[in-house]
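# Structural characterization, general
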Amino acid sequence: MRNGKSTERSGSPPANVSNRTADPARAPLSVATDLTLEINGGTADVESTGQRLFVRFRSIPDAIRAARGRPDRSAIEVAELLAVTDLTLEVRIRDRTVAAIGAGARPGAVSRFLDVDPFEVRIGGVLGAVGAEVSAAVETVSRFLD
Amino acid sequence: MLCDTFLLVEGEQMAESDEPDERIDEPTTWPDLAVGLYDRLTGRGAEIIYEFEDMEVQVPSGTGEDVEHAEWQIDGTVRITTRERE
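Figured I'd write up the structure that's included with this text. (Residues numbered from 1 in each chain as written. Chains lettered and ligands numbered in written order. Predicted model: local features only at pLDDT ≥ 70, side-chain atom pairs only at ≥ 80, totals over all residues.)

With that out of the way, let us pick up the overall build of chain B. A count of helices and strands for chain B gives one helix and four strands. Listed N to C, the secondary structure of chain B is β-β-α-β-β in terms of helices and strands. Taking all 86 residues of chain B together, the buried fraction comes to 19%. Across chain B, every contact between residues at least 6 apart in sequence was considered, and the portion connecting residues at least 24 apart equals 60%. (Helix = DSSP H or I, 4+ residues; strand = E, 2+ residues; numbered from the N terminus. Buried ≥ 20, exposed ≤ 12 C-beta atoms within 10 Å, placed from the backbone. Contact = placed C-beta atoms within 7 Å.)

As structure tokens, this is what we get:
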């Protein structure tokens, strides 16, 4: 159920939209965003460089809240959409890329082990984000105690 | 709380038409919607702009009667243009 009104009137594609070809990037798009997204209280800024989208969460709890608000099985649909449009989406937490999905993502053994395929998991980014989160928490506590 | 859509063709803002002959098949998947959008925009120097003003959407976790709903709020602008197929 959506609140507010919408004037969106452009969702009627021509008849040939179901004619799929072997080329996964058969509708390459360029996207420019200046967007704020909030899911269940988890806030993210959505930015882009044309072919690459960045969803930037300010903290790990924000990212977790947003992940819990994602529809079931939505990752597969999003991956297909991004592949068709030749776009890549990076999930960043505290300026570290922790995951990627879409045309430029390469999910591997780690993704399969964590059962997050089609997301590519960036272990270095995850560790960096956790470290930054801990540092921020320590700094907050230190300020509180000073 | 609303979403506006504009279609710019060669620098001019156009009102979107809903002529019957353009409404042939509704897309059933996100990739089909993207291909439709591509076919609509490509070759016309066109750009489609979505403007969201604190739009709130209750997103269901799935289908069925007892699904949970997440509250999404979107604010800002998305501009979409096409690129040449490589």
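Next up on the list: the packing of helix 2 (residues 74–84) of chain A against helix 1 (residues 30–41) of chain B. Their axes nearest at 8 Å, the elements helix 2 of chain A and helix 1 of chain B cross at an angle of 25°. Classed by the angle they form, the pair helix 2 of chain A and helix 1 of chain B counts as roughly parallel. Helix 2 of chain A and helix 1 of chain B meet at a crossing whose hand is right-handed. In this structure, helix 2 of chain A uses A:Glu77, A:Glu80, A:Leu81 and A:Val84 to contact helix 1 of chain B, whose residues at the interface are B:Trp30, B:Pro31, B:Ala34 and B:Val35. By residue class, the composition of the contact of helix 2 of chain A with helix 1 of chain B is six nonpolar, no polar and two charged. (Axes fitted to C-alpha atoms, helices over the stretch in contact; angles between N-to-C directions. Parallel < 35°, antiparallel > 145°, perpendicular 65-115°, else oblique. Left-handed = near helix turned anticlockwise from the far one by under 90°. Nonpolar A, V, L, I, M, F, W, Y, C, P; charged D, E, K, R; others polar.)

The biggest cluster of nonpolar side chains holds 38 residues, and the ones touching the most others in it are A:Leu82, A:Leu89, A:Ala99, A:Ile101, B:Ala34 and B:Tyr38. A:Ala99 has contacts with A:Val91, A:Phe119, A:Glu120, A:Val121 and A:Arg122, leaving out every residue within four places of it along the chain. (Core = buried A, V, L, I, M, F, W, Y, C linked by C-beta atoms within 7 Å.)

This next bit is on helix 1 (residues 60–68) of chain A. Residues spaced three or four apart along an α-helix point in a common direction, a consequence of the helix completing one turn every 3.6 residues. Every buried residue of helix 1 of chain A is listed here: A:Asp62, A:Ala63 and A:Ala66. Projection of helix 1 of chain A onto a plane perpendicular to its axis shows the buried side chains occupying an angular sector of 95°, all on one side. (Arc of directions from axis to C-beta.)

The next thing to look at is unusual backbone geometry. Residues and elements named next belong to chain A. For the peptide bond that leads from Asp117 to Pro118, omega is 20°, which places it in the cis range. With respect to the helices and strands, Pro118 occurs in the loop between helix 3 (109–114) and strand 7 (120–121). Positive phi outside glycine occurs at Asn40, with the angle close to 50°. Tracing the backbone through its elements, the reader meets Asn40 in the loop between strand 2 (29–39) and strand 3 (42–48). Although it is not a glycine, Arg94 sits at a positive phi angle of roughly 50°. Inspection of the secondary structure puts Arg94 in the loop between strand 5 (88–93) and strand 6 (96–102).

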